[in-house]
Amino acid sequence: MVARLRAAGCVFAEDEARLLQDAARTPVELDALVARRVAGWPLEQVLGRAEFCGLHIAVEPGVFVPRRRSEFLVRHAAEAAAAAPRPVVLDLCCGSGAIGAAVAAAVPGAEVHAADVDPAAVRCARRNVGPGGTVYEGDLYAPLPGRLRGRVDVLVVNAPYVPTAEVPFLPPEARDHEPLTALDGGADGLDVQRRVIAAAPEWLAPGGLLLVETSERQEPRTRAAVAAAGLTAHTAVCADLAATVVTGRAPRTGDARPGAGPPTRTRAPGAA
């Protein structure tokens, strides 16, 4: 089995073999799991779960696999939610619901909502977020109940941000086995981000925080969109995870509208 996995290009063939053996109930099932992995399926989809922020996240075939870099996004979202008395958290473009589930685990008592356009992702998200959260199926804000307008303390977003022309160059595991809607962000990669950011002030509570995962290359444009929406922009970077998060703080009641001047920028402790 290890030889088959290694021949298929699995760098950590021994580790993967152990995980596949643990997941299989019979030799026949093990052979089927190995065959899927050798055929190029993401390991997480083969196992039916992904490790994320110390949680086991259910991942069906065809569903976006949460990336470790998004743990940086969760860290900031959880800190912001913990600072609110009765936090309302919205995980938009939620995919498997990994981010919402991780924030809920880190901040007991948080009111968690999540939404995605993909039915398979929504099925997974409902399993992962659990009975303490609510998951909606539809395009961005469209399926959300009106009662959430102006009440969201933390709006966390991992929208697709790969430019269309670069999608063919993604690793085959992503390109062939994850939904295009979770990868393709349009000509410059930011089509969905811009839609999310532009409407965010309508849903954020006074002083609420928008958090958007982006790439280092696209950060200036993401930041500009946040500032254009009237939010105070800030960028955080973690070199260890190759993660970039742009945040936008909504004005508190009585605050002047923020300008679009240069935002602050921080790096995670220990990051180069």
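Residues numbered from 1 in each chain as written. Predicted model: local features only at pLDDT ≥ 70, side-chain atom pairs only at ≥ 80, totals over all residues. Heavy atoms only, no water.

## A look at the overall build of the protein chain
Each helix and strand counted, the protein chain has 10 helices and 10 strands in total. The C-alpha atoms of the protein chain give 19 Å as radius of gyration, which agrees with the globular expectation for 272 residues (19 Å, within 12%). Taken along the three principal axes of its C-alpha coordinates, the protein chain extends 65 × 40 × 35 Å. Residues counted as buried form 52% of the 272 residues belonging to the protein chain. Put simply, the protein chain shows about 12500 Å² of open surface, and 55% of that area lies on carbon and sulfur atoms. Where the 29 positive side-chain charges of the protein chain centre and where its 31 negative ones centre are 3 Å apart. (Helix = DSSP H or I, 4+ residues; strand = E, 2+ residues; numbered from the N terminus. Rg over C-alpha atoms; globule rule 2.2 N^0.38 Å. Buried < 20%, exposed > 50% of the residue type's maximum accessible area, 1.4 Å probe, protein only. Areas by Shrake-Rupley, 256 points an atom, 1.4 Å probe, with all protein chains shown as cover. Lys, Arg positive; Asp, Glu negative; His and termini not counted. Charge placed at Lys NZ, Arg CZ, Asp CG, Glu CD.)

## Observations concerning the nonpolar core
Nonpolar side chains tend to gather and get buried jointly when the protein is soluble and globular. Within the largest apolar cluster, 40 residues are counted, with the highest numbers of intra-cluster contacts made by Phe52, Phe72, Val89, Ile99, Val103, Val154 and Leu211. Excluding its chain neighbours within four sequence positions, the residues that come into contact with Phe52 are Ile57, Pro66, Arg67, Ser70, Glu71, Val74, Ala98, Ile99 and Ala102. In this structure, Val88, Leu92, Ala115 and Ala159 belong to the second largest nonpolar core, which totals 29 residues. (Core = buried A, V, L, I, M, F, W, Y, C linked by side-chain atoms within 4.5 Å. Contact = heavy atoms within 4.5 Å.)

## So, the pairing of strand E4 (residues 111-116)
With five of six residues buried, E4 lies mostly within the body of the structure. Here five bridges tie strand E3 (residues 88-92) to E4, and the two strands are oriented parallel to one another. By the bridge assignment for E4, Val89 is matched with Val112. As paired elements, E4 and strand E5 (residues 133-137) share five bridges and run parallel to each other. Its bridge partner lying in E5, Val112 is registered against Gly133. Following the backbone out of E4, through helix H7 (residues 119-129) and into the adjacent parallel E5, one traces a crossover that is right-handed. (Pairing = 2+ DSSP bridges. Right-handed = clockwise from strand over helix to strand, strands pointing away.)

## What to know about the pairing of strand E6 (residues 152-157)
Most of E6 is tucked away: five of the six residues are buried. Pairing analysis gives five bridges linking E6 to strand E7 (residues 204-214), with the strands arranged parallel. Bridge pairing in E7 links Leu155 to Leu210.

## A look at the pattern of salt bridges
All told, the structure shown has 14 salt bridges when counted by the stated rule. A salt bridge links Arg175 to Asp176; the nearest nitrogen and oxygen atoms lie 3.4 Å apart. Judged by its relative accessible area of 34%, Arg175 falls in the partly exposed class. Here Arg223 ties to Glu219 by a salt bridge, and the two come within 3.0 Å at their closest N and O atoms. With Arg223 and Glu219 both in helix H10 (residues 219-228), this residue pair falls four residues apart, about one helical turn. Using a relative accessible area of 26% as the deciding quantity, one classes Arg223 as partly exposed. When salt bridges that share partners are traced, they join Glu111, Arg147 and Arg151 into one network. (Salt bridge = Lys/Arg side-chain N within 4 Å of Asp/Glu carboxyl O.)

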